[in-house]
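The chain contents come next:
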Amino acid sequence: MADRLRTGIEVLDRKLDGGIPAGSIVALTAAPASQAELFLYELTATRGTLYISLDRTGDAVSDSIANSPTTTGSPTVRDVAGEAPLDNAAKLVSALPESSNLIVDPLNILESQEPARFRNFMNELQNHIYNTGSLALLHCLDGHSIPPLRDTTLHMADIVFDLKTIESGDDIENRLAVPKFRGGRALNDIIKLELSEEVAIDTSRDIA
């Protein structure tokens, strides 16, 4: 069995037999109006992290992490701007050291580029993550506008986390499914999460 890398989310690591296999790419799909960023921030506490931001400025991301109520690390944050986001992101990925985390937030910008170049980026990313024994978490916004290459992302990803945020009466429910786990065991059950100050299991009620 491949070495497991912790996500920093205790309930999830326990259900995944200790974490994510080293060398894996994880796609996290979630609504833009959700607390999914807690997944990204808590991952930074587990090991050295390169955080590539494609929407917000690097300063804005660093401030958010520093002010987060959950446990975080001190990631290297780089924002990618300009007319060649795939090229700029690929340069940053190529310098990722051994046994590190890579966060791409959000991937949507890259998923809207030319298909052949995006597939090449994903293949190079997969090779580098595997060769360095690292973990990549791709934040895929699942909102009103889905990028044309989202299917390519989900197919090439080793693991898919699907976070659904549901407004139910006076409550907000967060449900996490793991429908894909290449080379391992996908989860048959949906995990109810409490996403407030940190990512924790919600034991208040059962899903019918």
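Bear in mind the structure is a predicted one, so any value in this text is a computation, not a measurement.

(A) Molecular detail of the packing of helix H4 (residues 85-94) against helix H6 (residues 115-132). In contact at an axis separation of 10 Å, H4 and H6 are set at 5° when each is read in the N-to-C sense. Judged by the angle between their axes, H4 and H6 are roughly parallel. For the pair formed by H4 and H6, the contact residues are Leu86, Asp87, Ala89, Ala90, Val93 and Ser94 on the first element and Arg117, Phe118, Phe121, Leu125 and His128 on the second. Of the residues that constitute the contact of H4 with H6, the class distribution is seven nonpolar, two polar and two charged.

(B) Highlighting the side chain of Asn101. Tracing the chain through its elements places Asn101 in strand E6 (residues 101-105). Engagement of the side chain of Asn101 in a polar contact is seen with the backbone oxygen of Leu43, the distance being 3.0 Å. Filtering out sequence-adjacent residues up to four positions away, Asn101 remains in contact with Leu43, Thr46, Arg47, Gly48, Thr49, Leu50, Leu96 and Leu135.

(C) Quick peek at the environment of Glu98. With respect to the helices, strands and loops of the structure, Glu98 is situated in the loop between H4 and E6. For Glu98, a relative accessible area of 54% corresponds to the exposed category. Placed 93 residues apart in sequence, Glu98 and Leu5 show a C-alpha to C-alpha distance of 13 Å. Contact partners of Glu98, with chain neighbours within four places excluded, come to Asn131, Thr132 and Ser134.

Rules and cut-offs
- Residues numbered from 1 in each chain as written.
- Predicted model: local features only at pLDDT ≥ 70, side-chain atom pairs only at ≥ 80, totals over all residues.
- Heavy atoms only, no water.
- Axes fitted to C-alpha atoms, helices over the stretch in contact; angles between N-to-C directions.
- Helix = DSSP H or I, 4+ residues; strand = E, 2+ residues; numbered from the N terminus.
- Parallel < 35°, antiparallel > 145°, perpendicular 65-115°, else oblique.
- Contact = heavy atoms within 4.5 Å.
- Nonpolar A, V, L, I, M, F, W, Y, C, P; charged D, E, K, R; others polar.
- Polar contact = N/O pair within 3.5 Å; in protein donor to acceptor, adjacent residues only side chain to side chain.
- Buried < 20%, exposed > 50% of the residue type's maximum accessible area, 1.4 Å probe, protein only.

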